[in-house]
Amino acid sequence: MTERALTQNALLMTATNEDALEAAVREHSRLAYRIAYSVSRNHHDAEDATQETFMRVLRYRRKLEGVDDPKTWIARIAWRVAVEQAKRRPSVSLSETEIADAASRLRSGGRSAEEAAMSKEMAECLASLIAALPEGLRDAIRLSTVEELAPTGIAQVLETSEASARSRLFRARQILKEKLLALEGSHGTAR
Amino acid sequence: MAPQDRDRFDDLLDGALRQYGNVEPRVGLEGRVLANLAANSGPSGARSVWAWGLAGAAAMIVVVGMWIGSGHRRSNTPVVSVRPNVSDTSVQKTAVVTPPAELNKPAVRRVPSRPAVVPVTVAKTAEPRLGQFPSSRPPTQQEMIVAEYVEHFPEEAKLIMQEQQKFDKEVQQAQQQIENSSRNSDDQER
């Protein structure tokens, strides 16, 4: 365990006190929010999930003695909360036609790869493609977009091995690339 | 796919995924989370005590209500079998003065024993409740005079009662005779 993690753990453990909880909120609320947003793709739902995450931290703070890494612990709580929330609320994803339209708009502007990647069309297209992935691959790729989480952290959140997490990420990326290529091929040649 | 294309798609996907996860919460998220925690952490113990207290009070109210309701029903039960004729003032007087077993007989009407229907009709007719009878209202002047008379002249009062009973019996017998004779005349006509 790193020195930083030890410090955080000590802070949380000693408190039942409000300062440690406040420190945890200040340090990890952004992470919790991003994890929740990667699932819901909605700011309100992500904020609700963040609130619920720290409510659970507050509720179970006495169990913190056995926690090695508070960051991963909070990330896992945020992930569970977001997934539970997503199950309760129906997600809105693009249809096949809408994905194709988004891809054609993506291609039509004569933009560079970087510009295309930054565009709204690409974001819509990618969100729908990710939503269509098998569950294990989808979870891994969503968590990989949270910059605070390395593959080790993704594995811990998904409660799997690091090798498995890496494998899932690789396969998810392969599928996404193939689908993007197929979409581009169906609407014209790649630049 | 050409290696050049593969690289381009890798770049595209990397950029898109980076963009996908590049989101910032609205300003003040930490403050809102902390405020929510403060609102839910501090007085939770006191609130739970309040909640338990309120739940206990509500339960007691329900229990007391049920107990009163059941007692009320029990006190109403005799009214079902005997229904005094409230409109007759003479009955009211005798009911105050004498034991009701004998004197109430002419004034009461037996309700046919129909167990399923009777309680409903009793509830609707708003008769005096035996649990509260005689009612808490003060006795009328006539009732007080009768009571005073009975107190001072018990023997005479007893004689009057007996005479009244005899008179009632004679009236009943006369009514029966009239009824019988009318039936006979009807039969003869047929």
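All figures in this text were calculated on a predicted structure; none of them were measured in a lab.

Here we look at unusual backbone geometry
Residue and element names in this part refer to chain A. Although it is not a glycine, Arg 41 sits at a positive phi angle of roughly 55°. Structurally, Arg 41 can be placed in the loop between helix H2 (18-40) and helix H3 (43-59). At Glu 159, a position not held by glycine, the phi torsion is positive, near 55°. Of note, Glu 159 is situated in the loop between helix H9 (151-157) and helix H10 (162-187).

Side note on the interface of chain B and chain A
Where interface size is quoted, it is often the accessible area lost as the parts come together. Every contact between the two is made by 28 residues of chain B and, on the other side, 38 residues of chain A. Of the roughly 3,500 Å² buried between chain B and chain A on both sides combined, carbon and sulfur atoms contribute 66%. When residues of chain B are sorted by the area they lose upon contact with chain A, Phe9(B), Leu13(B) and Tyr20(B) head the list and together hold 21% of the total. The interface formed by chain B and chain A holds 8 salt bridges in total. Its salt-bridge partner being Arg26(B), residue Glu47(A) comes within 3.1 Å of it at the nearest N-O pair. Taken together, the links from chain B to chain A amount to 12 residue pairs in polar contact (both at pLDDT 80 or more). Residue assignment for the side of chain B that touches chain A shows that the elements contributing at least two residues are helix H1 (3-21) and helix H2 (29-41) of chain B. Among the elements that make up the side of chain B that touches chain A, the one with the highest residue count is H1(B) (13 residues). Class assignment for the residues of the side of chain B that touches chain A results in 13 nonpolar, 7 polar and 8 charged.

As for the packing of aromatic side chains
In the structure shown here, the tally under the stated rule is 2 aromatic pairs over all chains. Between the aromatic rings of Tyr33(A) and Tyr37(A), the centroid separation amounts to 6.3 Å while the plane-to-plane angle is 15°, which identifies the pairing as stacked. Of this pair, Tyr33(A) and Tyr37(A) both sit in helix H2, separated by 4 residues, roughly a single helical turn. Note on accessibility: Tyr33(A) and Tyr37(A) belong to one class, buried. The positively charged end of Arg41(A) is found above the aromatic ring belonging to Tyr20(B), 3.6 Å away from the centroid.

Re H2(B)
All names here are of chain B. Taking 1.5 Å per residue as the helical rise, H2 with its 13 residues ought to reach 18 Å, and the 18 Å between its terminal C-alpha atoms agrees with that figure. Of the residues making up H2, those classed as buried are Leu 29, Val 33, Leu 34 and Leu 37. For H2, the angular spread of the buried residues around the axis is 125°, confining them to a single face.

A short note on the confidence of the model for chain B
Residues and elements named next belong to chain B. Summary statistics for chain B give a mean pLDDT of 72 and a share of 57% for residues scoring 70 or more. Scored below 50 in pLDDT, residues 86-98 makes 19 contacts in the model with residues more than four places away or belonging to other chains. Confidence estimates for the predicted assembly give a pTM of 0.53 and an ipTM of 0.72.

Procedures and definitions
- Residues numbered from 1 in each chain as written.
- Chains lettered and ligands numbered in written order.
- Predicted model: local features only at pLDDT ≥ 70, side-chain atom pairs only at ≥ 80, totals over all residues.
- Heavy atoms only, no water.
- Helix = DSSP H or I, 4+ residues; strand = E, 2+ residues; numbered from the N terminus.
- Contact = heavy atoms within 4.5 Å.
- Buried area = accessible area lost by both parts, 1.4 Å probe.
- Salt bridge = Lys/Arg side-chain N within 4 Å of Asp/Glu carboxyl O.
- Polar contact = N/O pair within 3.5 Å; in protein donor to acceptor, adjacent residues only side chain to side chain.
- Nonpolar A, V, L, I, M, F, W, Y, C, P; charged D, E, K, R; others polar.
- Phe/Tyr/Trp six-rings, centres within 6.5 Å; stacked < 30°, edge-to-face > 60°.
- Buried < 20%, exposed > 50% of the residue type's maximum accessible area, 1.4 Å probe, protein only.
- Lys NZ or Arg CZ within 6 Å of the ring centre and 35° of its normal.
- Expected span 1.5 Å × (residues − 1).
- Arc of directions from axis to C-beta.
- pLDDT = per-residue confidence, 0-100.

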